[in-house]
Amino acid sequence: MQPNLIGWVSSGDGSPTRKAVLKLIVVGDGGVGKTTLIHRYLTGNYLDQRMTVGSGFATRDIEMEGVVITLAIWDFAGEERFRFLMPSYCRGALGCILAFDLTRPPTFYHLDDWLTLVRENTADIPILLVATKRDAAKYPSDEGLRYAQTNSLAGFIETSSKEGYNVIEVFDTISSLMWNRLITADAQQVSSLAV
Ligand SMILES: Nc1nc2c(ncn2[C@@H]2O[C@H](COP(=O)(O)OP(=O)(O)O)[C@@H](O)[C@H]2O)c(=O)[nH]1
Ligand SMILES: [Mg+2]
């Protein structure tokens, strides 16, 4: 069975059962803490590591209104030289975390570039603005909320992966926004999946 709607894929064994896979992309400048945020969400641990290169992929099963769905998290490397990969990276995405770093103002000024890239390469998906490294913040995040409102983003959340602050909230928020988008598109199939 071919995936005929964003978010739905065949179970892969030839059976007619379809499974909901919500593709979530995470973008923002290199070093803002994307990989660390994802790792904190998936494992509950803080990863004190060097910057990651390339794009990674991880999944987590979550439950939405009695339906088990797979959240597929795509971690993008922010380096300029990988931006040519954006169209394929974005393909089929149902939601986006757009991250900037509260310790480095340029990462905030680059949000416009990331937003343009995402919007050029996706349907009208929910985009959640996330400020990282609240524990080490060097400037206030008031601008974040304003930016989210001005650019019609789905919301704004301040986080610290180091302290585990608002990490789960970020993924819960974007997952339910994505889920709502999916069921709006495909309401009938969802009811047949409910357990
Ligand atoms: N103080 C602090 N540092 C963080 C936090 N999250 C990530 N970092 C550090 O920021 C650096 C870059 O993180 P990384 O996840 O590789 O960034 P990415 O390039 O966006 O994936 C690493 O040295 C992390 O340890 C945080 O919440 N607080
Ligand atoms: Mg990374």
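Heads up: the structure comes first, above all this text.
Criteria and thresholds
- Residues numbered from 1 in each chain as written.
- Chains lettered and ligands numbered in written order.
- Predicted model: local features only at pLDDT ≥ 70, side-chain atom pairs only at ≥ 80, totals over all residues.
- Helix = DSSP H or I, 4+ residues; strand = E, 2+ residues; numbered from the N terminus.
- Buried ≥ 20, exposed ≤ 12 C-beta atoms within 10 Å, placed from the backbone.
- Contact = placed C-beta atoms within 7 Å.
- Pairing = 2+ DSSP bridges.
- Expected span 1.5 Å × (residues − 1).
- Core = buried A, V, L, I, M, F, W, Y, C linked by C-beta atoms within 7 Å.

The subject of this paragraph is the overall build of the protein. Helix and strand content of the protein: seven helices and seven strands. Taken from N to C terminus, the helices and strands of the protein fall in the order β-β-α-β-β-α-β-α-α-β-α-β-α-α. Counting over 195 residues, the protein shows a buried share of 38%. Counted over contacts in the protein with a minimum sequence separation of 6, partners at least 24 positions apart contribute 71%.

This brings us to the environment of R104. Position of R104 among the secondary structure elements: in the loop between β5 (95-101) and α3 (105-109). Overall, R104 belongs to the partly exposed group, with 17 C-beta atoms counted inside 10 Å.

Further remarks concern the pairing of strand β4 (residues 67-75). Relative to β4, strand β3 (residues 56-64) is paired through nine bridges, and the arrangement is antiparallel. Bridge pairing in β4 places E63 opposite V68. Here β3 folds back onto β4, and the loop between the two strands holds two residues, one of which, E65, carries a positive phi near 50°.

A rise of 1.5 Å per residue sets the reference length of helix α6 (residues 167-185), with its 19 residues, at 27 Å; its end C-alpha atoms lie 28 Å apart and thus fit the reference within 8%. V167, V170, F171, I174, S175, L177, M178, W179, R181 and L182 are the residues of α6 that are buried.

The backbone of E65 sits at a positive phi, close to 50°, despite the residue not being glycine. Structurally, E65 can be placed in the loop between β3 and β4. Judged by local crowding, E65 falls into the exposed class, with 12 C-beta atoms found within 10 Å. At S152, a position not held by glycine, the phi torsion is positive, near 55°. Mapped onto the secondary structure, S152 falls in the loop between α5 (142-150) and β7 (155-158). According to the C-beta neighbour criterion, S152 is exposed, with 8 such atoms within 10 Å.

With that out of the way, let us pick up the nonpolar core. Counting 46 residues, the largest nonpolar core has I97 and L98 as its most contacted members. No other element matches the eight residues that α6 contributes to this core.

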